[in-house]
Amino acid sequence: MNIKNYLSIAVVIVLMNSCATKTNTVTKTEVTKTNAINVDAVLADAEKQLALQTAIAESQNKIPRTVTADGEMHWAHQNFDWTEGFFPGSQWFLYQATNNEIWKTRAEKSQALFEEHKFRKTNHDLGFVFNNSFGHGYELTGNEDFKAVMIEAAKSLSTRFNPTVGCIQSWDVDRGWQAERGWKYPVIIDNMMNLELLFKVSEFTGDPKYKEIAIAHANTTLKNHFRADNSSYHVVDYDPETGDVRFRHTAQGTAHESAWTRGQAWGLYGYALCYRYTKDPAYLDMAKKIASYIINQKNQKNGIPYWDYDAENIPNEPYDVSAACVTASALLELNTYTNDAYKADVERILTSLATDEFTAEIGTNHNFILKHSVGSIPHNAEIDVPLNYADYYYLEALLRYKEQYEK
């Protein structure tokens, strides 16, 4: 089926849903290109875009991930994909924004495609997958079945924790490109984002072991992942027998000693959420230090960074809009602990993202909201393309901004 057929299906389904469902959607469509962020307008256009994308996704029974180098839709891998939770998560955000039941139905349908992955013990990204989908759904609906899925996923994730190391292992090293690096127990900064699932499940169950694992991981990462300037390494490899650090490397940055941009955003977000659940001042202090590092970087344009702060050919390097979205959302959380210290920085990022340079015209870009993100340049993968997690954190940032400043 070609793209014209897809769009025809999309239009029909969207029109049918519009007729069948009483909507409570925002209606403004003009985005104000100033520092006064018109959140309702941006959300209205985002809803239109994702409604089109949802119609196509449902016709394929798949989850959109990105766009290939040839300009075709790249669907999430159906056997497991670390990004599979972001699309239903975005649908849950639109349910939150609009109170339109159709988005609840769509989100439930999307996340059901990967529910069985809750038993997978060979991947560390179960927090990304299940917290951002079933977890968000549980917060909005109170559906106990969603909570049960999260608990099972946390049980699976916790099997990857080694108390000698004090961290959850990221990648397995017995196959794939990871096996070629000489690593024994690699831990990536991204893993900070998987801890929220553990914090929540300890709250659900009253069992402290999940929270204890999350705290141990955060403390070990705090000790070993950061440089004197508060930038972070991407990968720290440990000896699983002794817990000693073997290597400090990169996998997705330009060099071992460079600051891979999205990695800095993961660290910022991760320590902000750790402070939320523990109120440990060390986590808040680390989050503020990372925020200062990011904000003071010269290698960005109006708050939108290039893919690595140390990339050699800046400004002739690809942007990573996904890093900007993660940063904006994290800074909004930090605002709640710092008397709005980062409001101007957030507004600079969100204003830039809302421009035509970074926001796709409705009906284009395979119906992803944002353009110009990067997956991994060293792997020659997902370069200057839309990414479903950029859209996810953008929507989260918009809703956080709306909650904080437009009550």
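Here, every reference points to the structure presented above.
Anyway, here's the lowdown on the structure attached to this text.

Calculation notes
- Residues numbered from 1 in each chain as written.
- Predicted model: local features only at pLDDT ≥ 70, side-chain atom pairs only at ≥ 80, totals over all residues.
- Heavy atoms only, no water.
- Helix = DSSP H or I, 4+ residues; strand = E, 2+ residues; numbered from the N terminus.
- Expected span 1.5 Å × (residues − 1).
- Buried < 20%, exposed > 50% of the residue type's maximum accessible area, 1.4 Å probe, protein only.
- Polar contact = N/O pair within 3.5 Å; in protein donor to acceptor, adjacent residues only side chain to side chain.
- Contact = heavy atoms within 4.5 Å.
- Pairing = 2+ DSSP bridges.
- Axes fitted to C-alpha atoms, helices over the stretch in contact; angles between N-to-C directions.
- Parallel < 35°, antiparallel > 145°, perpendicular 65-115°, else oblique.
- Left-handed = near helix turned anticlockwise from the far one by under 90°.
- Nonpolar A, V, L, I, M, F, W, Y, C, P; charged D, E, K, R; others polar.
- Phe/Tyr/Trp six-rings, centres within 6.5 Å; stacked < 30°, edge-to-face > 60°.
- Lys NZ or Arg CZ within 6 Å of the ring centre and 35° of its normal.

## Describing helix H3 (residues 86-98)
With 13 residues, H3 extends 18 Å from end C-alpha to end C-alpha; this agrees with the ideal 18 Å at 1.5 Å per step. Counting buried positions along H3 gives 11 out of 13 residues, so the element sits mostly inside the fold. Turning to H3, its buried residues number three or more, namely Phe86, Phe87, Pro88, Gly89, Ser90, Gln91, Trp92, Phe93, Leu94, Tyr95 and Thr98. In the segment just after H3, Asn99 is the residue with positive phi, at about 60°.

## Section: the side chain of His117
Along the chain, the position of His117 falls in the loop between helix H4 (101-112) and helix H5 (126-141). Side-chain polar atoms of His117 contact the backbone oxygen of Asn79, separated by 3.0 Å. The contact partners of His117, leaving out residues within four places of it in the chain, are Gln78, Asn79, Phe80, Glu84, Leu126 and Phe130.

## Section: unusual backbone geometry
Pro315 follows Ile314 through a cis peptide bond whose omega is 15°. If you trace the backbone, Pro315 turns up in the loop between strand E9 (304-305) and helix H11 (321-335). At Asn339, a position not held by glycine, the phi torsion is positive, near 55°. Assignment of secondary structure puts Asn339 in the loop between H11 and helix H12 (343-353). Of note in the backbone geometry, Asn365 takes a positive phi value of approximately 60° without being a glycine. Mapped onto the elements of the fold, Asn365 is located in the loop between H12 and strand E10 (373-376).

## Regarding the environment of Phe146
Here Phe146 is to be found in helix H6 (residues 144-158). A sequence separation of 63 residues divides Phe146 from Lys209, and the C-alpha atoms of the two residues are 21 Å apart. The contacts of Phe146, once residues within four sequence positions are left out, are Trp92, Glu108, Gln111, Phe134, Gly137, Tyr138 and Thr141.

## Concerning the pairing of strand E11 (residues 381-385)
Remember that side chains alternate between the two faces of the sheet whenever the strand is regular. Bridge analysis of E10 against E11 gives 3 bridges, and the strand direction is antiparallel. Opposite Val374, over in E11, you have Ile383 as the bridge partner. From the end of E10 to the start of E11, which pair antiparallel, there are 4 residues, and Asn380 there has a positive phi angle of about 50°.

## A few points about the packing of helix H8 (residues 209-224) against helix H10 (residues 281-295)
H10 packs onto H8 with a crossing angle of 45° between their chain directions and a minimal axis gap of 12 Å. Considered as vectors, H8 and H10 are oriented oblique to each other. Remark: the crossing between H8 and H10 carries left-handed chirality. On the side of H8, the interface is formed by Ile215, Ala218, Asn219 and Leu222, while H10 contributes Ala282, Tyr283 and Met286. Within the contact of H8 with H10, the residues separate by chemical class into 6 nonpolar, 1 polar and no charged.

## Structural notes on the packing of aromatic side chains
Tallied over the full model, the rule gives 31 aromatic pairs. Ring geometry for Trp177 and Trp183: centres 6.1 Å apart, planes at 75°, overall edge-to-face. With a centroid separation of 6.1 Å and 80° between ring planes, the pair formed by Tyr293 and Tyr309 is classed as edge-to-face. On the criterion of sequence distance, the pair formed by Tyr293 in helix H10 and Tyr309 in the loop between E9 and H11 is long-range, its members being 16 residues apart. The buried category is assigned to Tyr293, whose relative accessible area is 11%. Judged by its relative accessible area of 2%, Tyr309 falls in the buried class. The structure contains a cluster of three or more aromatic residues connected by ring pairs, namely Trp82, Phe86, Phe93, Phe128, Trp266, Tyr269, Tyr389, Tyr392 and Tyr393. Over the aromatic face of Trp103 sits the side chain of Arg106, whose NZ or CZ is 4.4 Å from the ring centroid.

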